[in-house]
Amino acid sequence: MSAYGIIFSNIHDSHIPELTRLRTIASVPFACRYRFIDFTLSNMVNSNIYNISVITNYNYQSLMDHIGSGKDWDLARRSGGIKLLPPNITAFANPYIQNASNSRLDSLKSVSASLSRIKDDYVVLSDCDVICNVDFTDMIRYHQETGADMTIAVKNVEMTSEQAKSNVIFRSDESGRITEVIPYPADFSGEADISLNMIVMSTSYLNHLVLEAQTRGYTSLTRDIIARTSGYKNNRIYRCDGYFAAITSFADYYKHSMELIEKPWVRESLFNVKSRPVYTKVRNSTPTYYAAGSAAKNSMIADGCFIEGTVENSIIFRGVKIGRNATVRNSIIMQDTIVGDGAFLNCVIADKNAVIRDQRMLSGAETQPFYVSKGKMI
Amino acid sequence: MYKKQECVAMLLAGGQGSRLYTLTEKTAKPAVRFGGKYRIIDFPLSNCVNSGIYTVGVLTQYQPLQLNEYIGNGQPWDLDRGQSGVMVLPPYQAKSGADWYKGTANAIYQNFNFIDRYDPDYVLILSGDHIYKMDYAKMLKAHKDKGADCTIAVLEVPLEEASRFGIMNTDDELRITEFEEKPKHPKSTKASMGIYIFNTSVLRDYLEADEADPNSSKDFGKNVIPKMLADGLKMYAYPFRGYWKDVGTIDSLWEANMDLVGEQPIFDLRDRDWRIYSRNTSEAPHFVGEYAKVSNSLITEGCTIEGIVENSVLASGVKVCRGAYIKDSVIMSNVTIGEGSTVNYSIIDENTVIGAGSVVGRAKASGEKIAVIGSDLSIKPATNIPSGEMVDAAWLANENKSKN
């Protein structure tokens, strides 16, 4: 049994426009030194999936820079390894580019030639905006044992109607076979199985579906494939436990980042799962220096930082400098950002390479954190 | 066929480092952990790469397992290369017989076939025992500019310490006129750093001659360099200015670690144009808890800090439990400091667990000596380890016996 990984790097970019203005959702920084895609890639590598294609549509410079040769995930390989699939722009007009859609099905259609060459038995399709540490091996085994046509990872959750709006709900019979698909319900609250956007199917079935989608002009994987075929195909759910953070909005991004600090079990279930480390681009930063007079508590802090001030309940990325008498509270400070002496930050998300000058006071709220864009000086 | 390299580096990493006692019981000195996320050998390796030298032979002998594993294919230092890269060179069995490396010169002699593959014009000899950042390309340029046969990097040391080193006496042009090993009455303060550049052909001739000499102890400092000097070869000193530390003793290892700590540390690793590379451990970012207090310290990935840490260096994966207090100490990777324990002026090697309520070492201010605890030990709760102790498995067994 061998499996091939396909990752959609631009899906749901629009959910967090602040952070995806200059990057794909796959390359959104998270948890001090990771990018969203690190979790997906690590899950695949830890499940012995060493052939991976990352489908990109636009804005993928930061993603290419992050992945490089794939060496940090053990994916720099002569045979297989990681491959970035940018849009297929030919000398002739390409209908899929002109439509500039980034739906999963359109993306798959645009790389169908590449898909038809996959030699592995199964494919695992995954988005990047669900943060988790899972083993795909079990899911693929379940898929084989049940003889399913398609297996979709779900999590059973209790939702408010607001939360339900951004989720796809699956109803299934006792055996786990999908009977009904309710995408983005306008009015639903309560308990339901929601999609984690990770799908297993055989490679031949994927190629069949893509071909069918090309001939019939289908554009949505959820609506035109999953929902349409669930009546007569063996589409099954695979229930996952453990921690899953679906990042569906800017506030969500903030909330799930803060969970890393507030809930030790969240850190444990993401980073301390035996035999399943999370890999990322190695930056060879020095250890972090805490000056005399600094006061850090309840915070997750990466290497390469220089901390002279006070840091509380915050996520501090690599290479950040926190000045003397500065206070950073309930905030997320991304790579190489400088917080000046005496500055005061509360509920702030500062993107990479920003500079908060001395004595500045910035404050947002838990529900609406104040965002400092990449490279901005305030 | 191999591509020609202008300069090949040969890194002597076979040293036992016996004065580091329990820290080098199971590993070679170059593999000893340093500065939170490094090992000593990361420094010469990173210097090579940053100086544009991509062909490095690492000569191992004593306890090479960890060192071999650590170097691997050289990936962390960008030395996993097709035409060059890093190569571990252990002693081997040849048709004429099997030999350990009998001395530094003999180690290079036995591996001249490695050097010859790249047909280099110059050979750079390094040692895996020192902490420093140095641009070897500048030294090579000086070597070429002078038209030297051999160039030796030297460091200005205080006159009163000069008698601990090999001292180079030079003329105004920096040409070496005399070499004295640990002189009682030093005439100069230029101490050899154990870094040599030779023209390949000169080195070959002298190593062959040295090998044939039954009275030689096959050592660069004792035999090869004095012989070259006696023959009137063009030998120059290359003065190095900057931080350089031989971490051969417990005290110097502790000091070198502490030299990294500070707002403007004596030895600053934060230079992004001269990064020190090391093998990555894929651990999560560190976490400082509700009751943590960290000051003037270096902390790295995988640590969980719930106690108080002052003037210390913590390596990856160290757990400091609530109420624990660490001061003036070097804690190596994956050590756990139990609840309410106090660790003062100590070095604790990797994977050791200090039971709750223990007292390790004594305050540095009291003029006490460093306490050293070896790797993979489990110290029972409420154990008292006085200053200056070298704790290993035997020490613990003895301690248990005396209690019973």
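Conventions and cut-offs
Residues numbered from 1 in each chain as written. Chains lettered and ligands numbered in written order. Predicted model: local features only at pLDDT ≥ 70, side-chain atom pairs only at ≥ 80, totals over all residues. Heavy atoms only, no water. Helix = DSSP H or I, 4+ residues; strand = E, 2+ residues; numbered from the N terminus. Rg over C-alpha atoms; globule rule 2.2 N^0.38 Å. Buried < 20%, exposed > 50% of the residue type's maximum accessible area, 1.4 Å probe, protein only. Contact = heavy atoms within 4.5 Å. Areas by Shrake-Rupley, 256 points an atom, 1.4 Å probe, with all protein chains shown as cover. Lys, Arg positive; Asp, Glu negative; His and termini not counted. Charge placed at Lys NZ, Arg CZ, Asp CG, Glu CD. Buried area = accessible area lost by both parts, 1.4 Å probe. Salt bridge = Lys/Arg side-chain N within 4 Å of Asp/Glu carboxyl O. Polar contact = N/O pair within 3.5 Å; in protein donor to acceptor, adjacent residues only side chain to side chain. Nonpolar A, V, L, I, M, F, W, Y, C, P; charged D, E, K, R; others polar. Pairing = 2+ DSSP bridges. Core = buried A, V, L, I, M, F, W, Y, C linked by side-chain atoms within 4.5 Å. Domains from an automatic or database assignment. Expected span 1.5 Å × (residues − 1). Phe/Tyr/Trp six-rings, centres within 6.5 Å; stacked < 30°, edge-to-face > 60°. pLDDT = per-residue confidence, 0-100. Axes fitted to C-alpha atoms, helices over the stretch in contact; angles between N-to-C directions. Left-handed = near helix turned anticlockwise from the far one by under 90°. Parallel < 35°, antiparallel > 145°, perpendicular 65-115°, else oblique.

Overview of the overall build of chain B
From N to C terminus, chain B includes nine helices and 33 strands. For chain B, whose C-alpha radius of gyration is 23 Å, the value lies close to the compact-globule estimate of 22 Å for 404 residues. Seen through its principal axes, chain B has C-alpha atoms that stretch 65 × 50 × 45 Å. Counting over 404 residues, chain B shows a buried share of 57%. Nonlocal contacts in chain B, meaning residues at least 24 apart in sequence, comprise 58% of its contacts between residues at least 6 apart. Total accessible area on chain B stands at roughly 16700 Å², and carbon and sulfur atoms take up 47% of it. The averaged location of the 52 negative side-chain charges in chain B is 1 Å from the averaged location of its 44 positive side-chain charges.

A short note on the overall build of chain A
Secondary structure assignment for chain A yields 12 helices and 28 strands. What you see for chain A is a C-alpha radius of gyration of 21 Å, in line with the 21 Å of a compact globule of 378 residues. For chain A, the C-alpha atoms occupy an extent of roughly 65 × 50 × 40 Å along the three principal directions. Of all 378 residues assigned to chain A, the portion counted as buried reaches 60%.

Things to note about the interface of chain A and chain B
Note: interface size is frequently given as the accessible area lost on complex formation between the parts. Taken together, the contact pairs 38 residues of chain A with 37 residues of chain B. Roughly 3100 Å² of surface becomes buried between chain A and chain B when both sides are summed, with 47% attributable to carbon and sulfur atoms. Here chain A is connected to chain B by seven salt bridges. Put simply, chain A and chain B have 25 residue pairs in polar contact (both at pLDDT 80 or more) between them. Of all the secondary structure elements, the ones that give two or more residues to the side of chain A that touches chain B are helix 11 (250–262), helix 12 (264–271), strand 14 (288–290), strand 15 (295–297) and strand 16 (299–301) of chain A. Residues belonging to the side of chain A that touches chain B are distributed by class as follows: 20 nonpolar, nine polar and nine charged. Bridge analysis of strand 16 of chain A against strand 16 (residues 286–288) of chain B gives three bridges, and the strand direction is antiparallel. By the bridge assignment for strand 16 of chain B, I301 of chain A is matched with H286 of chain B.

Focus on the nonpolar core
Ranked by size, the top nonpolar core spans 66 residues in total, and within it F36, Y253 and F271 of chain A carry the most contacts. Taken together, domain 1 (3–271) and domain 2 (289–372) of chain A each give at least three residues to this core, which thus spans both. Sequence-distant contacts of F36 of chain A, defined by excluding residues within four places in its chain, comprise I16, I25, A26, V28, F30, C128, D129, I131, I247 and Y253 of chain A. If you look at the next biggest cluster of nonpolar residues, it comprises 49 residues, including V320 of chain A together with I305, I337 and I385 of chain B.

Remarks on the side chain of D259 of chain B
Residue and element names in this part refer to chain B. Tracing the backbone shows D259 in the loop between helix 8 (250–258) and strand 16. Reaching out from D259, the side chain makes a polar contact with the side chain of Y243 at a distance of 2.6 Å. Once you skip the residues sitting within four places of it in the chain, D259 turns out to touch Y243, K245, P265, I266 and F267.

Some points on helix 11 of chain A
All names here are of chain A. With 13 residues, helix 11 ought to run about 18 Å at 1.5 Å a step, and its terminal C-alpha atoms sit 18 Å apart, in line with that. Burial of helix 11 is extensive: 10 of the 13 residues sit out of reach of the surface. Among all positions in helix 11, only F250, D252, Y253, Y254, H256, S257, M258, E259, L260 and I261 are buried.

Some words on the sheet that holds strand 19 (residues 315–316) of chain A
Hydrogen bonds between backbone groups are what pair the strands of a sheet, and the pairing can be parallel or antiparallel. Taking strand neighbours across the sheet as the criterion, the 11 strands line up as 28(A)-25(A)-22(A)-19(A)-16(A)-16(B)-19(B)-22(B)-25(B)-28(B)-31(B) in an open arrangement whose pairing is mixed. If you trace the sheet from one side to the other, it starts and ends with strand 28 (370–372) of chain A together with strand 31 (378–379) of chain B, each paired once. Pairing of strand 22 (residues 332–333) of chain A with strand 25 (residues 348–350) of chain A, which is carried by two bridges, proceeds in the parallel orientation. If you follow I333 of chain A over to strand 25 of chain A, its bridge partner there is A350 of chain A.

Things to note about the sheet that holds strand 29 (residues 359–360) of chain B
Residue and element names in this part refer to chain B. An order of 17-20-23-26-29-32 is seen for the six strands of this open sheet, with the pairing classed as parallel. A single partner strand is all that each edge strand has here, and the edge strands are strand 17 (293–295) and strand 32 (384–385). For strand 23 (residues 325–327) and strand 26 (residues 342–344), the ladder comprises three bridges, and the chain directions are parallel. Directly across from Y325, in strand 26, lies its bridge partner T342.

As for the packing of aromatic side chains
All names here are of chain A. In total, this model carries 25 aromatic pairs over all chains according to the counting rule given. Seen in terms of ring centroids, F30 and Y253 are 5.9 Å apart; in terms of plane orientation they differ by 70°. Their pairing is edge-to-face. Taken together, the residues span a long stretch of sequence, with F30 in strand 2 (residues 29–30) and Y253 in helix 11 at a distance of 223 residues. Taken individually, F30 and Y253 each receive the classification buried, so the pair is uniform in this respect.

Some words on the domain arrangement of chain A
Residues and elements named next belong to chain A. Considered domain by domain, chain A is made up of domain 1 (3–271) and domain 2 (289–372). The gap between the C-alpha centroids of domain 1 and domain 2 is 32 Å. With 20 residues of domain 1 at the interface, the matching set in domain 2 holds 24 residues. Around 1800 Å² of area is buried between domain 1 and domain 2 when both sides are counted, 72% of it from carbon and sulfur atoms.

Overview of the confidence of the model for chain B
Overall, the prediction assigns chain B a mean pLDDT of 94, with 100% of residues at 70 or greater. Among the prediction metrics, the complex's ipTM stands at 0.92, with pTM recorded as 0.93.

Let's talk about the packing of helix 6 (residues 200–212) of chain B against helix 7 (residues 220–230) of chain B
Packed helices, taken two at a time, are described by their axes: the angle between them and the distance between them. All names here are of chain B. At a minimum axis separation of 10 Å, helix 6 and helix 7 run at an interaxial angle of 120°. Two packed elements cross with a definite hand, and for helix 6 against helix 7 that hand is right-handed. Between helix 6 and helix 7, the contacting residues are V202, L203, Y206, L207 and D210 on the first element and F220, N223, V224, K227 and M228 on the second. Residue classes in the contact of helix 6 with helix 7 are distributed as seven nonpolar, one polar and two charged.

So, the packing of helix 11 of chain A against helix 12 of chain A
Residues and elements named next belong to chain A. Where helix 11 meets helix 12, the axes come as close as 5 Å, and the angle between the chain directions of the two elements is 100°. Judged on the interaxial angle alone, helix 12 and helix 11 are roughly perpendicular. Contacts between helix 11 and helix 12 involve E259, L260, I261 and E262 on the former and, on the latter, P264, V266, R267, L270 and F271. The class makeup of the residues in the contact of helix 11 with helix 12 is six nonpolar, no polar and three charged.

As for the pattern of salt bridges
Residues and elements named next belong to chain A. Summed over the entire model, instances satisfying the criterion amount to 38 salt bridges over all chains. For K109, the salt bridge goes to D106, with nearest N and O atoms at 3.2 Å. Taken as a pair, K109 and D106 lie in helix 5 (residues 104–110) at a separation of three residues, close to a single helical turn. Across the pair, exposure class does not vary: K109 and D106 are buried alike. Residues E180 and R171 are paired through a salt bridge, measuring 4.0 Å at the closest nitrogen-oxygen approach.

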